[in-house]
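The lines below spell out each chain.
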Amino acid sequence: MVKTRLASSLSPEAALAFYCCLLEDTLALARSLRDVDVAIMCPDSDVNELAELAGNQASVVAQKGEGLAAGLTSVFANFAEGRQRVIAFNSDSPHLPRSVLEGAFHTLAAHDIVVGPTHDGGYYLVGAKASYPTLFATDGLGTSSALDRLLWRARGLELSVGFADPFYDIDVADDLTRLAAELRLAPARAPRTAEWLREWQAGQCRSSSQTGTGDL
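Residues numbered from 1 in each chain as written. Predicted model: local features only at pLDDT ≥ 70, side-chain atom pairs only at ≥ 80, totals over all residues. Heavy atoms only, no water.

## Quick notes on helix α4 (residues 98-109)
Thought 1: If you check α4, its first and last C-alpha atoms are 17 Å apart, about what 12 residues at 1.5 Å a residue would give, namely 16 Å.
Thought 2: Where α4 is buried, its residues meet α1 (12-31), β3 (86-89), β4 (113-117) and β5 (123-128). (Helix = DSSP H or I, 4+ residues; strand = E, 2+ residues; numbered from the N terminus. Expected span 1.5 Å × (residues − 1). Contact = heavy atoms within 4.5 Å.)

And the structure:
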């Protein structure tokens, strides 16, 4: 069950193939950073499958509990030890410039947490140097209030917050169209995703041509 909000544009099989491309390119982006260890946090039931997809690009760690809030909490519980800077970001933003991730690590050095807002009211990135078990909750995640609720809880914990550049992730058909247009101009940013989108759009054009033939 991935990319379910793209169901009106992609079949479940196509959504899965698309997500695998996003994941591979996102891992390549993360590994392009210097002196950064890369790991995938996921439910225990998905560890073996994701380990097969990731290969040797990242370690795969089982989270405690189910859902995104549990996953985010587990990231920092597992890795934020001794004030080590840890950034969790989504697996569907291979188009994110590397400079944004590098800047987020720099921002985190001077703040308790760093957040990368999305244009739809959520966030694509969150980082911290310690574990805050109450920072994430199921309420608001995946909605237009996710960022506001995160910042509200951060204020309650008296945490200083720094921000990465606003960006977008891939949730709905308009995001897919925007990403395809960007990667046509710069396919090297996410080569596997760019190739998948090129083939998908070619198929869309062929389908439109076939359904548009005939006499009036």
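What follows picks up the thread again.
## Points about the pairing of strand β2 (residues 59-62)
Thought 1: Relative to β2, strand β1 (residues 39-42) is paired through 4 bridges, and the arrangement is parallel. Paired with isoleucine 40 across the strands is valine 60, a residue of β2.
Thought 2: With helix α2 (residues 47-54) bridging β1 and its parallel neighbour β2, the resulting β-α-β unit is right-handed. (Pairing = 2+ DSSP bridges. Right-handed = clockwise from strand over helix to strand, strands pointing away.)

## Observations concerning the environment of aspartate 165
Thought 1: Structurally, aspartate 165 is set in the loop between β6 (161-163) and α6 (173-185).
Thought 2: For aspartate 165 and alanine 77, which are 88 residues apart along the polypeptide, the C-alpha to C-alpha distance reads 25 Å.
Thought 3: Those residues in contact with aspartate 165 that lie beyond four places of it in its chain are Val100, Pro117 and Tyr124.

## Points about the packing of aromatic side chains
Think of a pair of aromatic rings as described by two things: how far the centres are apart, and how the planes are tilted against each other in angle.
Thought 1: Scanning all chains against the criterion turns up 5 aromatic pairs.
Thought 2: Considering the side-chain rings of phenylalanine 76 and phenylalanine 136, the 5.9 Å spacing of their centres and the 10° angle between planes classify their relative orientation as stacked. Taken together, the residues span a long stretch of sequence, with phenylalanine 76 in helix α3 (residues 68-79) and phenylalanine 136 in the loop between β5 and α5 (146-156) at a distance of 60 residues.
Thought 3: Judged by its relative accessible area of 8%, phenylalanine 136 is buried. (Phe/Tyr/Trp six-rings, centres within 6.5 Å; stacked < 30°, edge-to-face > 60°. Buried < 20%, exposed > 50% of the residue type's maximum accessible area, 1.4 Å probe, protein only.)

## Regarding the confidence of the model for the chain
Any residue range with low pLDDT should be treated as having predicted coordinates unsuitable for detailed reading.
Thought 1: Confidence along the chain averages 88 in pLDDT terms, with 92% of residues attaining 70 or more.
Thought 2: Looking across the chain, the model is least confident in helix α7 (residues 191-211), with a mean pLDDT of 80, and most confident in β6, with 97. (pLDDT = per-residue confidence, 0-100.)

## Quick notes on the sheet that holds β4
Thought 1: On the basis of which strands lie adjacent, the open sheet formed by 4 strands has the order β3-β5-β4-β6 and mixed pairing. This sheet does not close on itself; its edge strands, each paired only once, are β3 and β6. Ignoring which end each strand starts from, the neighbouring axes of this sheet average 20° apart.
Thought 2: Bridge analysis of β4 against β6 gives 3 bridges, and the strand direction is parallel. Looking at the pairing, valine 115 lines up with phenylalanine 163 of β6.
Thought 3: Across the face of the sheet, α4 comes into contact with β3, β4, β5 and β6 while running at roughly 140° to β3. (Axes fitted to C-alpha atoms, helices over the stretch in contact; angles between N-to-C directions.)

## Quick notes on the side chain of serine 74
Thought 1: For serine 74, the position within the fold is in helix α3.
Thought 2: Here serine 74 falls in the buried class, since its relative accessible area comes to 4%.
Thought 3: Not counting residues up to four positions away in its chain, the partners in contact with serine 74 are Met41, Gln63 and Lys64.

## Some points on unusual backbone geometry
Thought 1: Here aspartate 35, not a glycine, exhibits a phi torsion of approximately 55°, which is positive.
Thought 2: The exposed category is assigned to aspartate 35, whose relative accessible area is 79%.
Thought 3: The phi torsion at glutamate 158 lies on the positive side, around 60°, for a residue other than glycine.
Thought 4: Here glutamate 158 is to be found in the loop between α5 and β6.

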